[in-house]
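Each chain, letter by letter, is given below.
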Amino acid sequence: MQFGTRPSLVLLVSAISLPACNDDTSTPTASDTDTSSTGTDGPGSETDAPPTTTAPTTTGTTSDVTVTTLPTTTEPTTETGTETTTETGTTTETGTDTDTGTDTDTDTDTGGPVDGVIECDAPPLVPPAEGTCEVLAQGPGGTLIRGTVLGPDATYENGAVLVDPSGVIACVGCDCLDLPEAQAATQLGCAQGVISPGLINAHDHISYAGNAPIGEGVDRYDHRHEWRIGKNGHAKLTVPGSSSEEEVLAAEFRFIMSGATSAAAAGGEPGLLRNLDMGLLEGLPIPVANSDTFPLGDTNGTQHDMGCNYPDVTLTTEIADENAYLPHIAEGIDATARNEFICLSAGNSDIIAGQTAIIHAIGLTAEDTATIHPDTARVVWSPRSNVVLYGNTAQATVLDTFGVPLALGTDWVASGSMNMLRELRCADELNTTYYNNHFSDRDLWNMVTLNAALATGSENAIGALRPGYAGDISVFDGAELERHAAVVRAELPGVVLVMRGGLPLYGDAAVMAGFDAMTCEDIDVCGRAKQACISGDTGGTTYAQMKAAIEATYPMFFCGTPDDEPTCVPSRPGEYDGLPVADDLDGDGIVDADDNCPNVFNPPLLIEPGVQPNADGDAAGDACDPCPLDNTDTCTFVDADDMDDDGVANGADNCIRIANADQADADDDGKGDECDTCPTANPGYSPCPITIEAIRDPNHPQHPQDGAVVKIVGAYVTGIRPAMGNSRGFHIETGTQMPFTGIFVFTGNASPPVKVGDKVDITGTYEQYFGLDEISYPQVSIVETGDVLPFDPLPVDPADIATGGPDATALQSMLVVVDMLSITNVNPDAPMDFDEFSVTGNLRIDDGLSDAVKDMQLNNACAVGTEIESIAGVLGFSFNNTKLQPRVKSDLVLGPNNMCNPWP
């Protein structure tokens with residue numbers, strides 16, 4: 001037996017459970033007017049549905065695998081049904097929702113819908129004597145959290161979120177308490193708690209985690225190559241990369257402590273955060289995002305004011321198949337930064353597209369910005385890092401005015417924020433002090449939830465509390481700040497609970513105690529007792545070990561403002577200091593009498609030195625102009641919260657990227673007909689079922705691309721690799737025994753508790769691994785248990801399935817049997833020995849499904865000529881050879897005169 005070496009996945013989770021209630025997504029009539037109160041690339045080198053009436057009855061769990069077992073009397077092959085529950089809450093609060101923070105200036109952004117607030121008619125909650133949440137009941141399956149629920153298009157007061165035993169959201173809104181599943185769940189009451197989707201960090205370089213921040217900074221740069229390699233006489237920043245595994249895990253835990261559950265961090269380790277651009281998705285079967293630090297190939301520091309003579313320009317065709325593409329573009333405030341955008345937004349190198357989220361986008365004019373929304377692209381904003389490096393950041397108000405959704409990213413610890421709450425704090429302070437409260441609290445919250453999911457191509461799985469989505473949930477203390485403000489201006493002690501896929505990782509000690517069978521460590525966070533329950537998720541690495549590793553350079557967390565935190569006050573020596581004074585209220589160095597945006601920070605950029613940006617030449621600068629390209633101000637309003645311009649806000653839109661004003665959804669799965677190609681209901685991130693034949697046969701019209709997320713329904717387990725090492729998994733097939741109807745399911749270093757004969761549904765990523773078709777990152781649902789397969793092995797000729805044989809590819813991963821054999825080669829890999837031998841027809845026999853130790857069970861100790869009556873097994877492929885793999889001793893039947901047994 002020989003398996004190739006590859007990274008361990010440990011990424012299995014259980015099957016998707018269908019929505020079990022109305023998700024209350026209709027837009028209420030009341031309004032909630034939230035009021036506002038208050039970039040760099042990192043690396044320095046190139047290395048750098050409907051309801052279901054059948055609930056799961058048992059749950060099998062290994063250290064890394066959860067498998068949901070459905071009743072044997074039910075064999076679902078499609079996901080259909082009709083939602084019948086109705087809204088039981090009442091819409092209230094037609095007046096203004098006033099945050100209880102220090103600043104109550106009215107939100108001046110007239111764009112985008114404002115959340116309605118729905119008061120749920122549920123038993124009232126009483127705040128616990130201490131803390132934010134209390135455990136009301138402990139149950140064997142799932143979690144019900146009650147409190148203020150921040151839904152994607154409505155806020156539910158006294159609402160609830162139900163996460164099923166598989167870690168998938170089953171209900172959101174007012175009706176969750178009425179469901180039978182809720183009675184079996186662990187229930188948390190959070191009378192003053194604010195329940196939010198887990199936050200998403202849309203950009204970081206986490207492999208640089210083992211560094212301290214640069215504080216106020218040593219210089220102000222014009223372009224990233226100046227700090228990267230010291231161009232144009234500037235001081236180079238020396239920031240070591242290649243942080244240790246413990247340091248990277250510590251950085252991930254920093255983000256978790258701030259309520260984050262996912263990141264596009266250009267690195268990461270198994271466990272903790274979902275690393276959306278690294279394939280470390282922690283069981284989430286979605287395509288991996290592509291973070292591209294150098295889309296121009298300019299690691300050597302190439303800069304041009306015009307033209308595209310860069311070392312390696314990314315072409316439009318190269319990103320055509322990407323689900324999410326995040327390129328660093330225009331990181332700087334000069335003409336060379338702007339030229340990057342010009343080069344990458346036209347011709348055959350136009351990469352500003354529906355799958356693109358531009359990282360940084362600082363050096364853009366209004367004319368440039370106006371081209372982004374029509375392409376339905378987004379921007380990832382890293383304000384703290386931009387400000388400390390360049391003295392300015394992306395023109396956030398202009399981007400929003402032109403309808404570009406903004407997501408927040410911390411960039412890296414050296415010049416950015418150490419956690420998501422500090423990045424939110426920077427954005428909030430800029431909004432209050434410098435942007436005249438352009439953004440509402442809900443807008444800022446969207447930047448770390450739905451908009452961040454849109455940026456990373458994960459909006460059908462995370463970033464919103466919806467049935468069918470992953471149970472990535474963070475609960476915040478809302479005793480002093482309510483609703484979205486409780487997230488935007490939260491402090492670390494106020495992060496009450498963080499769950500990823502229904503798995504509680506961190507939170508208040510009293511809350512974590514409500515979840516059984518977890519190994520936890522006590523932490524005092526600024527006087528509030530917390531617990532980190534993470535060692536079972538990290539392969540054994542403890543919080544204490546992570547803390548010791550990261551604190552060699554910088555503390556794990558701070559109470560209040562972190563020491564040496566990079567500044568969020570925009571300043572450039574000799575130009576402006578960012579300090580508001582009586583005659584310069586926005587601190588941009590232009591006295592109010594001469595300032596074309598006296599209340600919005602808009603100093604001149606080096607694109608056009610000495611001139612405040614004002615594309616249409618009217619009295620208002622671009623930063624405060626409702627129509628930056630129209631001096632009559634009669635332009636049509638473009639809403640960043642309506643990406644497809646169909647009049648339906650992103651949070652309520654069942655096709656966010658495709659216009660469908662009628663919101664038609666025939667199968668009632670939360671996906672509009674215009675963007676739903678699946679004939680059966682597939683809510684959330686559940687893909688449309690596909691046949692194994694379509695996956696395996698490259699000539700099938702439905703054959704998916706390598707890396708596509710697929711779902712297989714009703715397949716039988718035929719063989720299982722031994723429960724040892726990092727190459728575990730099992731084979732499945734349909735049982736029709738037609739060509740191309742078997743496939744391998746790769747499970748890394750974890751084995752789900754399936755057995756031969758089980759009927760399963762599989763959701764995962766289709767990959768071809770060195771000639772072996774497989775499903776990786778799988779979710780496994782046992783829909784029917786069985787001890788005997790309903791079909792016998794398929795009789796075949798040994799030469800036909802041997803390496804290069806006419807049926808070798810078509811019958812891969814299928815259960816077959818060959819007859820009338822004799823051993824022809826004792827060790828075809830000599831001088832190496834992998835317990836393989838060859839038989840008649842040059843067919844290799846391998847111990848890949850029988851044992852993981854040489855000579856333990858099936859071996860190659862019998863001589864050439866040894867007669868074997870028959871061998872049954874699953875046809876595998878590894879190291880360029882097709883190999884028949886017997887599973888148990890009875891699969892091998894000796895010949896009548898045989899004196900040697902290959903399976904003693």
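Because the structure is a prediction, the values reported are computed rather than measured.

Asker: Got a sec to walk through the overall build of the protein? Specific residues and values, please.
Answerer: Looking only at helices and strands, the protein features 15 helices and 35 strands. Here the protein, with 904 residues, has 62% of them falling under the buried criterion. As presented, the protein carries roughly 30900 Å² of accessible surface, and 51% of it is formed by carbon and sulfur atoms.

Asker: Can you explain the nonpolar core? Please cite residues and give values.
Answerer: Grouped burial of nonpolar side chains is what soluble globular proteins tend to show. Counting 83 residues, the largest nonpolar core has Phe 253 and Trp 381 as its most contacted members. If we skip the residues at most four places from it in the chain, Phe 253 touches Leu 272, Tyr 506, Ile 523, Ala 532, Ile 534, Tyr 543, Met 546 and Met 556.

Asker: Tell me about the sheet that holds strand E12 (residues 260–263), and please be specific about residues and values.
Answerer: With respect to topology, 3 strands assemble into an open sheet ordered E11-E12-E13, the strand pairing being parallel. Looking at strand neighbours, the two that pair on one side only are strand E11 (199–201) and strand E13 (274–275), the edges of this open sheet. The sheet contact formed by E12 and E13 spans 2 bridges and is parallel. The residue bridging Ala 263 from the neighbouring strand is Asn 275, located in E13. Lying on the sheet, helix H8 (residues 420–433) is in contact with E11 and E12; it crosses E11 at an angle near 85°.

Asker: How would you explain the state of the cysteines if you had to name every residue and give the values?
Answerer: With the rule as written, the count across this model stands at 12 disulfides. Paired by a disulfide, Cys 171 and Cys 176 hold their sulfur atoms 2.3 Å apart. With the S-S bond torsion at -95°, the cross-link from Cys 171 to Cys 176 turns out left-handed. Note on cysteine connectivity: Cys 426 is disulfide-linked to Cys 568, with sulfurs 1.8 Å apart. Between Cys 426 and Cys 568 the sulfur-sulfur dihedral comes to about 75°; the bridge is accordingly right-handed. Highlighted residues: Cys 426 in helix H8 and Cys 568 in the loop between helix H13 (543–550) and helix H14 (692–696), separated in sequence by 142 residues. An identical accessibility class is assigned to Cys 426 and Cys 568; each is buried.

Asker: Explain the sheet that holds strand E14 (residues 290–292) to me, using residue names and the numbers behind them.
Answerer: Read from one edge to the other, the open sheet built from 5 strands follows the order E14-E15-E16-E17-E18, with strand pairing classed as parallel. Only two strands of the sheet have a single partner each, and these edge strands are E14 and strand E18 (406–408). Recorded for the sheet is a direction-independent mean angle of 25° between the axes of neighbouring strands. Direction of pairing for strand E17 (residues 378–381) relative to E18: parallel, over a ladder of 3 bridges. Among the inter-strand pairings, Val 379 is bridged to a residue of E18, identified as Leu 406. Here H8 sits on the sheet and contacts E17 and E18; the angle it forms with E18, its principal contact strand, is near 135°.

Asker: Requested: an account of the pairing of strand E7 (residues 143–150), with residues and values cited.
Answerer: Most of E7 sits out of view: 8 of its 8 residues are buried. With 7 bridges connecting them, E7 and strand E8 (residues 154–163) associate as antiparallel partners. Residue Leu 144 lies in a different strand from E8, and its bridge partner there is Leu 162. The hairpin formed by E7 and E8 contains 3 residues between the paired strands. In this sheet, strand E10 (residues 186–197) lies alongside E7 in parallel orientation, the contact comprising 6 bridges. Each residue of the ladder has a partner; that of Leu 144, found in E10, is Gln 187.

Asker: Outline the packing of aromatic side chains, listing residues and values.
Answerer: Following the criterion strictly, the structure yields 10 aromatic pairs and no others. Pairing Phe 253 with Tyr 506 gives two aromatic rings, centres 5.5 Å apart and planes at 90°, and the pair type is edge-to-face. Here Phe 253 is found in helix H3 (residues 245–257), whereas its partner Tyr 506 is found in strand E21 (residues 503–508), with 253 residues between them in sequence. Here Phe 253 falls in the buried class, since its relative accessible area comes to 0%. Looking at Tyr 506, the relative accessible area reads 0%, which means it is buried. Ring-pair connections join several aromatic residues into one group, and the members of that group are Tyr 208, Trp 227 and Trp 412.

Asker: Requested: an account of the packing of H3 against H13, with residues and values cited.
Answerer: Running from N to C, H3 and H13 cross one another at 105°; their axes reach a closest spacing of 8 Å. Our classification of the angle between H3 and H13 gives roughly perpendicular. Residues Glu 246, Glu 247, Leu 249, Ala 250, Phe 253 and Arg 254 of H3 lie in contact with H13, whose contacting residues are Tyr 543, Gln 545, Met 546, Ala 549 and Ile 550. By residue class, the composition of the contact of H3 with H13 is 7 nonpolar, 1 polar and 3 charged.

Asker: So, a nonpolar patch on the surface: which residues are in play, and what are the values?
Answerer: On the surface, Met 724, Val 853 and Met 856 cluster together into a nonpolar patch covering about 290 Å² of accessible area. If you trace the backbone, Met 724 turns up in the loop between strand E24 (709–720) and strand E25 (728–733).

Asker: Could you give an account of unusual backbone geometry, naming the residues involved and the relevant values?
Answerer: A negative phi angle characterises most non-glycine residues, just as the trans form characterises most peptide bonds. For the bond from Ala 830 to Pro 831, the omega torsion is 10°, close enough to zero to count as cis. Along the chain, Pro 831 turns up in the loop between strand E30 (815–825) and strand E31 (837–839). The phi dihedral of Asn 437 is positive, around 55°, even though this residue is not glycine. Tracing the chain through its elements places Asn 437 in the loop between H8 and helix H9 (441–446). Although it is not a glycine, Asp 668 adopts a positive phi angle of roughly 55°. With respect to the element layout, Asp 668 can be found in the loop between H13 and H14. Overall, Asp 668 belongs to the partly exposed group, its relative accessible area being 28%.

Asker: Describe in detail the confidence of the model for the protein, supporting the description with residues and values.
Answerer: When pLDDT is averaged along the protein, the result is 87, and 87% of the positions lie at 70 or above. Below a pLDDT of 50 lies the segment residues 2–114, which in the model reaches 376 contacts outside its immediate sequence neighbourhood of four places, other chains included.

Asker: Residue-level account of the pattern of salt bridges, with values.
Answerer: Charged atoms that come close allow side chains of opposite charge to pair. Overall, the coordinates contain 24 salt bridges when judged by the stated rule. The partner of Asp 773 in a salt bridge is Arg 696, and the shortest N-O contact between them spans 2.8 Å. Of this pair, Asp 773 sits in strand E28 (residues 772–784) while Arg 696 is found in helix H14, placing the two residues 77 residues apart along the sequence. Exposure remark for Asp 773: the relative accessible area of 3% places this residue in the buried category. With its nearest N and O atoms 2.8 Å apart, the salt bridge here joins Lys 883 to Glu 836. Highlighted residues: Lys 883 in strand E34 (residues 881–885) and Glu 836 in the loop between E30 and E31, separated in sequence by 47 residues. With relative accessibility at 0%, the residue Glu 836 sits in the buried group. Residues joined in a network through salt bridges with shared partners are Asp 477, Asp 508, Arg 528 and Lys 530.

Asker: So what about the environment of Gly 354? Which residues, and what values?
Answerer: As for its placement among the helices and strands, Gly 354 is situated in the loop between helix H4 (335–343) and strand E16 (357–360). Excluding residues within four positions of it along the chain, Gly 354 makes contact with Asp 375, Thr 376, Arg 378 and Arg 657.

Asker: Could you give me a rundown of H4, with the residues and numbers involved?
Answerer: Among all positions of H4, only Thr 336, Ala 337, Asn 339, Glu 340, Phe 341 and Cys 343 are buried. Its buried side turned inward, H4 meets strand E15 (325–329), E16 and helix H5 (366–369).

Asker: Please give an account of the environment of Ala 509 that cites residues and values.
Answerer: Following the sequence through the fold, Ala 509 ends up in helix H12 (residues 509–512). For the pair Ala 509 and Ile 523, spaced 14 residues apart in sequence, the C-alpha to C-alpha distance is 8.6 Å. The contact partners of Ala 509, leaving out residues within four places of it in the chain, are Ala 529, Lys 530 and Gln 531.

Asker: Break down the environment of Ile 690 for me, citing the residues and quoting the values.
Answerer: Relative to the elements of secondary structure, Ile 690 occurs in the loop between H13 and H14. Placed 22 residues apart in sequence, Ile 690 and Ile 712 show a C-alpha to C-alpha distance of 5.7 Å. When neighbours within four sequence positions are excluded, Ile 690 is seen to be in contact with Ile 695, Gln 702, Pro 704, Val 710, Lys 711 and Ile 712.

Asker: I'd like to hear about H8, residue by residue, with values.
Answerer: Given a rise of 1.5 Å per residue, 14 residues ought to cover 20 Å, and the 20 Å separating the end C-alpha atoms of H8 matches this to within 8%. Among the 14 residues of H8, 12 are classified as buried, and the element is accordingly described as predominantly covered. The N-cap of H8, judged by a side-chain oxygen 3.1 Å from the amide nitrogen of Leu 421 a few residues on, is Asn 419.

Criteria and cut-off values
- Residues numbered from 1 in each chain as written.
- Predicted model: local features only at pLDDT ≥ 70, side-chain atom pairs only at ≥ 80, totals over all residues.
- Heavy atoms only, no water.
- Helix = DSSP H or I, 4+ residues; strand = E, 2+ residues; numbered from the N terminus.
- Buried < 20%, exposed > 50% of the residue type's maximum accessible area, 1.4 Å probe, protein only.
- Areas by Shrake-Rupley, 256 points an atom, 1.4 Å probe, with all protein chains shown as cover.
- Core = buried A, V, L, I, M, F, W, Y, C linked by side-chain atoms within 4.5 Å.
- Contact = heavy atoms within 4.5 Å.
- Pairing = 2+ DSSP bridges.
- Axes fitted to C-alpha atoms, helices over the stretch in contact; angles between N-to-C directions.
- Disulfide = S-S within 2.5 Å.
- Phe/Tyr/Trp six-rings, centres within 6.5 Å; stacked < 30°, edge-to-face > 60°.
- Parallel < 35°, antiparallel > 145°, perpendicular 65-115°, else oblique.
- Nonpolar A, V, L, I, M, F, W, Y, C, P; charged D, E, K, R; others polar.
- Patch = residues over 30% accessible without salt bridge, like charges linked within 9 Å, V, L, I, M, F, W, Y side chains within 5 Å.
- Salt bridge = Lys/Arg side-chain N within 4 Å of Asp/Glu carboxyl O.
- pLDDT = per-residue confidence, 0-100.
- Expected span 1.5 Å × (residues − 1).
- Polar contact = N/O pair within 3.5 Å; in protein donor to acceptor, adjacent residues only side chain to side chain.

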